[in-house]
Amino acid sequence: QSKKKILTAKCCSPLPGEEVIGLQTTKRKIIVHRKSCENLKKIDKKKLLELDWGIVSQKDFEAGISIEAIDRLNLLNDLMKAISKTNTKISSTNASISGEIAKSSFKLSVKNQKEMQKLIENLSKVKGVIKVERT
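It should be emphasised that the depicted structure is a prediction, and the values quoted were computed from it without experimental measurement.

## Considering helix H2 (residues 113-124)
- Between the first and last C-alpha of H2 there are 16 Å, a value that for 12 residues agrees with the 16 Å anticipated at 1.5 Å per step.
- Three or more residues of H2 are buried, namely Glu 115, Met 116, Leu 119, Ile 120, Asn 122 and Leu 123. Each buried residue of H2 sits inside an arc of 160° when the element is viewed along its axis, so together they form one side.
- In this fold, the buried residues of H2 make contact with strand E5 (61-70), helix H1 (75-84), strand E7 (101-110) and strand E8 (129-134).

Structure (structure tokens):
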């Protein structure tokens, strides 16, 4: 039996600890999605496989987070400090301001859902933050 290649989906960036499902794309390739992924609604159910995190051997997983906050001096700096407290690596960021509201998004490397939850808690405590969401 040949070894299957297991990849995580970029559309929903699943993390260990979240409910996932596999999408068999070829005989040897399976893409892991969050069960709540919007892209799965268009997929033939026959291609979906029940699976758990035991088959995925990555150490770090890329995940996104978006933040809405009331704009103020040093806001982005304070958000970055909250992220760095969890020793999380940032792979990209984007920030914009519309009126009084600052919107920031980050792509991060995290180990699991628990680490992501801690990150969300840290960011939620930053002065002026209105909403933090996993993307």
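Still to come is the rest of the account.
## Focus: the pairing of strand E3 (residues 29-34)
- Most of E3 is tucked away: 5 of the 6 residues are buried.
- Relative to E3, strand E1 (residues 5-8) is paired through 4 bridges, and the arrangement is parallel. Each bridged residue has a counterpart across the sheet, and for Thr 8 the counterpart in E3 is Val 32.
- Pairing of strand E2 (residues 20-26) with E3 involves 6 bridges; the strand directions are antiparallel. By the bridge assignment for E3, Val 20 is matched with Arg 34.

What counts and what doesn't
Residues numbered from 1 in each chain as written. Predicted model: local features only at pLDDT ≥ 70, side-chain atom pairs only at ≥ 80, totals over all residues. Heavy atoms only, no water. Helix = DSSP H or I, 4+ residues; strand = E, 2+ residues; numbered from the N terminus. Expected span 1.5 Å × (residues − 1). Buried < 20%, exposed > 50% of the residue type's maximum accessible area, 1.4 Å probe, protein only. Arc of directions from axis to C-beta. Contact = heavy atoms within 4.5 Å. Pairing = 2+ DSSP bridges.

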